[in-house]
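Per-entry structural report
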Amino acid sequence: MKAYMYDNLPGDQRLPHDSGRAVDTDELAKLGVLYYHFPDIDGVNKLAADRGYKNRDEIVVSPEKMGDVYEDKVKMFFNEHLHEDEEIRYIRGGQGYFDVRSKDDEWVRVRLEKDDLLILPAGIYHRFTTDESNYVHAMRLFQDEPKWTPLNRCPDLDTNAQRQEYVGQYL
Ligand code: KMT
Ligand code: NI
């Protein structure tokens, strides 16, 4: 894992876009973003049990796996959005970037690789992209039924209950 402020320069979303300004795990935690490293699946199983997560699936995001729709999917994941539930991702292979909004509404880029697990709180604005390797294998954990509905950023979401709760707790 490596986290830093995004440079906001033009160029493919899959490039590092590292401004050189590092962000540590304490700063991430202040945004409600929790990072874990689990070289052993037992750690993931325990975290899932502790938080009442009963279900999981695995996804490979790559041109080999997705074919023609890969580029569209990657663009879709990169649209700024929030969810009304926590988002937990455990990386099994490859790499990817989660970008999350800072208190100042700037992008913090979190680079994840194998054995990294990230928890995004409900209501945080974020986006995801693969990196230049165009390959990530991730486990998605969910409490009950999969509910991946992304709510794209817009002023209307200011009144969303989960958004308001997030803003009240962290911003
Ligand atoms: C997401 O929420 O954007 C994804 O699930 C992307 C693929 S999993 C790393
Ligand atoms: Ni999401």
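Keep in mind that this is a model prediction, so the values were computed, not measured. Counting restarts for each chain, with residues numbered from 1 along the sequence as it is written. Whichever chain is written first becomes A and whichever ligand is written first becomes 1, with later ones labelled in order. At least 70 in pLDDT is required for a residue's local features to be given in this predicted model, at least 80 for side-chain atom pairs to be given and counted, and no such filter applies to totals for whole chains, interfaces and linings, which use all residues.

Considering the overall build of the protein chain
Per the convention used, a helix needs a DSSP run of H or I reaching at least four residues, while a strand needs a run of E reaching at least two, with both numbered from the N terminus. Scanning the protein chain from terminus to terminus reveals five helices and 11 strands. Between the two quantities, the radius of gyration covers C-alpha atoms and the globule rule is 2.2 Å times the number of residues to the power 0.38. For 171 residues, the compact-globule estimate of 2.2 N^0.38 gives 16 Å, and the protein chain sits close to it at 15 Å. Judged by the C-alpha coordinates and their principal axes, the protein chain covers about 40 × 40 × 30 Å. Looking at the protein chain as a whole, 23% of its 171 residues qualify as buried. We call two residues in contact whenever the C-beta atoms placed from their backbones are within 7 Å. The long-range share in the protein chain, meaning contacts at least 24 apart out of those at least 6 apart in sequence, stands at 75%. Remark: C-beta atoms are placed from the backbone, and a residue is labelled buried if 20 or more other C-beta atoms sit within 10 Å of its own, exposed if 12 or fewer do, or partly exposed between those counts.

Side note on the UniProt feature "binding site: Fe(2+)" (unreviewed entry) in the protein chain
UniProt positions are given in the numbering used here, feature names are shortened, and annotations may be inferred rather than shown by experiment. What UniProt calls "binding site: Fe(2+)" (unreviewed entry) maps, in this numbering, to His-81, His-83, Glu-87 and His-126. These annotated residues cover 46 residues of sequence, and their C-alpha atoms all fall within 11.8 Å of one another, placing them together at a single site. Positionally, Glu-87 belongs in strand β6 (residues 87-101). Among the residues examined, Glu-87 registers 20 C-beta atoms within 10 Å and is labelled buried. Inspection of the secondary structure puts His-126 in strand β9 (residues 126-130). Setting aside residues up to four positions removed in sequence, His-126 forms contacts with Phe-98, Asp-99, Val-100 and Leu-120.

A look at the pairing of strand β1 (residues 2-6)
Here, strands pair whenever DSSP counts at least two bridges between them. Inspection of the sheet shows β1 paired to strand β7 (residues 107-113) by four bridges, in the antiparallel sense. In the strand pairing of β7, Tyr-4 is matched with Arg-109. The pairing of β1 with strand β2 (residues 18-22) spans two bridges and is classified as antiparallel. Each bridged residue has a counterpart across the sheet, and for Tyr-4 the counterpart in β2 is Ala-22.

Focus on the site of ligand 1
Residue proximity rests on one test: whether the C-beta atom, placed from the backbone, lies within 6 Å of the molecule or strand. Looking at ligand 1, the residues that line it are Ile-59, Val-61, Phe-77, Glu-87, Arg-89, Gly-96, Phe-128, Val-136, Ala-138 and Arg-140. Secondary structure elements with two or more residues in the shell around ligand 1: β4 (55-61), β6 and β10 (136-142).

Considerations on unusual backbone geometry
Located in the positive-phi region is His-17, a residue other than glycine, with phi close to 50°. Considering the arrangement of structural elements, one finds His-17 in the loop between β1 and β2. With 20 C-beta atoms counted inside 10 Å, the residue His-17 sits in the buried group. Here the phi dihedral of Asp-115 falls at roughly 80°; this positive angle occurs in a residue that is not glycine. On the neighbour-count criterion, Asp-115 (18 C-beta atoms within 10 Å) is partly exposed.

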